[in-house]
Amino acid sequence: NLGAGQVSTSRRIYVGNLSYRTSWMTLKDVFRAECGPVVRCDVAVDESKLMPGGRPCSKGWGIVEFESELDAAKALQTMTDYVIDDRQIFVREDRESSVTSVPHKAPRGGPGGM
């Protein structure tokens, strides 16, 4: 937890309480619009549970990495209780920033994802 006046030194945040239908694309678009440029965004998925259309269901959490620490700090200060796909999310600094791995078949980001 960040105390008053403290600023995160990480560019990565953990996002919890995501809807089962929230995709990495939706998460990236919301955080980019509200907080700033996103370098990478992943949502943990359950490959054994499929949404209509065949896309895997979200496990309810994801990681967003920003271009700057200031944008990540803005997300930490402003995005808890934000509603995405009819669910109130919470955010915190990614405590496992150097080792957090979201199981995906391919990395999310790249051209058009900035």
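Residues numbered from 1 in each chain as written. Predicted model: local features only at pLDDT ≥ 70, side-chain atom pairs only at ≥ 80, totals over all residues. Heavy atoms only, no water.

1. Description of the overall build of the chain
Phase 1: Along the backbone of the chain there are 2 helices and 6 strands.
Phase 2: What you see in the chain, going N to C, is helices and strands ordered as β-α-β-β-α-β-β-β.
Phase 3: Expressed as a percentage of its 114 residues, the buried residues of the chain come to 41%.
Phase 4: If you sum the accessible surface of the chain, you get close to 6400 Å²; carbon and sulfur atoms cover 49% of it. (Helix = DSSP H or I, 4+ residues; strand = E, 2+ residues; numbered from the N terminus. Buried < 20%, exposed > 50% of the residue type's maximum accessible area, 1.4 Å probe, protein only. Areas by Shrake-Rupley, 256 points an atom, 1.4 Å probe, with all protein chains shown as cover.)

2. Concerning the packing of aromatic side chains
Phase 1: Evaluated as defined, the whole model comprises 3 aromatic pairs.
Phase 2: Judged by centre distance (5.8 Å) and plane angle (15°), the rings of Tyr14 and Trp61 are stacked. Taken together, the positions of Tyr14 in strand β1 (residues 12-16) and Trp61 in strand β3 (residues 56-66) put the pair 47 residues apart, joining distant regions of the chain.
Phase 3: Centroid distance Tyr14 to Phe90: 6.0 Å. Interplanar angle 40°. Geometry classified as tilted. One end of the pair, Tyr14, is in strand β1; the other, Phe90, is in strand β6 (residues 90-93), and 76 residues separate them in sequence.
Phase 4: Looking at Phe90, the relative accessible area reads 37%, which means it is partly exposed. (Phe/Tyr/Trp six-rings, centres within 6.5 Å; stacked < 30°, edge-to-face > 60°.)

3. Some words on unusual backbone geometry
Phase 1: Of note in the backbone geometry, Asn17 takes a positive phi value of approximately 65° without being a glycine.
Phase 2: Among the secondary structure elements, Asn17 is positioned in the loop between β1 and α1 (24-35).
Phase 3: Relative accessible area serves as the criterion here: at 30%, Asn17 is assigned to the partly exposed category.
Phase 4: Positioned with a positive phi, Asp86 is a non-glycine residue whose angle comes to about 65°.
Phase 5: Residue position: Asp86 is located in the loop between β4 (83-84) and β5 (87-88).

4. A look at the side chain of Asp42
Phase 1: Summarising the element assignment, Asp42 is placed in strand β2 (residues 38-50).
Phase 2: By relative accessible area, which is 5% here, Asp42 ends up buried.
Phase 3: At 2.8 Å, the side chain of Asp42 and the side chain of Arg40 are in polar contact. (Polar contact = N/O pair within 3.5 Å; in protein donor to acceptor, adjacent residues only side chain to side chain.)

5. Observations concerning the environment of Tyr82
Phase 1: In this structure, Tyr82 sits in the loop between α2 (69-78) and β4.
Phase 2: Considered as a pair, Tyr82 and Val30 are 52 residues apart in the sequence and their alpha carbons are 9.8 Å apart.
Phase 3: Tyr82 has contacts with Val30, Glu34, Arg87, Gln88 and Ile89, leaving out every residue within four places of it along the chain. (Contact = heavy atoms within 4.5 Å.)

6. Section: the pattern of salt bridges
Phase 1: The final tally for this structure, using the stated rule, is 7 salt bridges.
Phase 2: With its nearest N and O atoms 3.0 Å apart, the salt bridge here joins Arg12 to Asp94. Highlighted residues: Arg12 in strand β1 and Asp94 in the segment after β6, separated in sequence by 82 residues. Residues Arg12 and Asp94 agree in their burial class; the two are buried. (Salt bridge = Lys/Arg side-chain N within 4 Å of Asp/Glu carboxyl O.)

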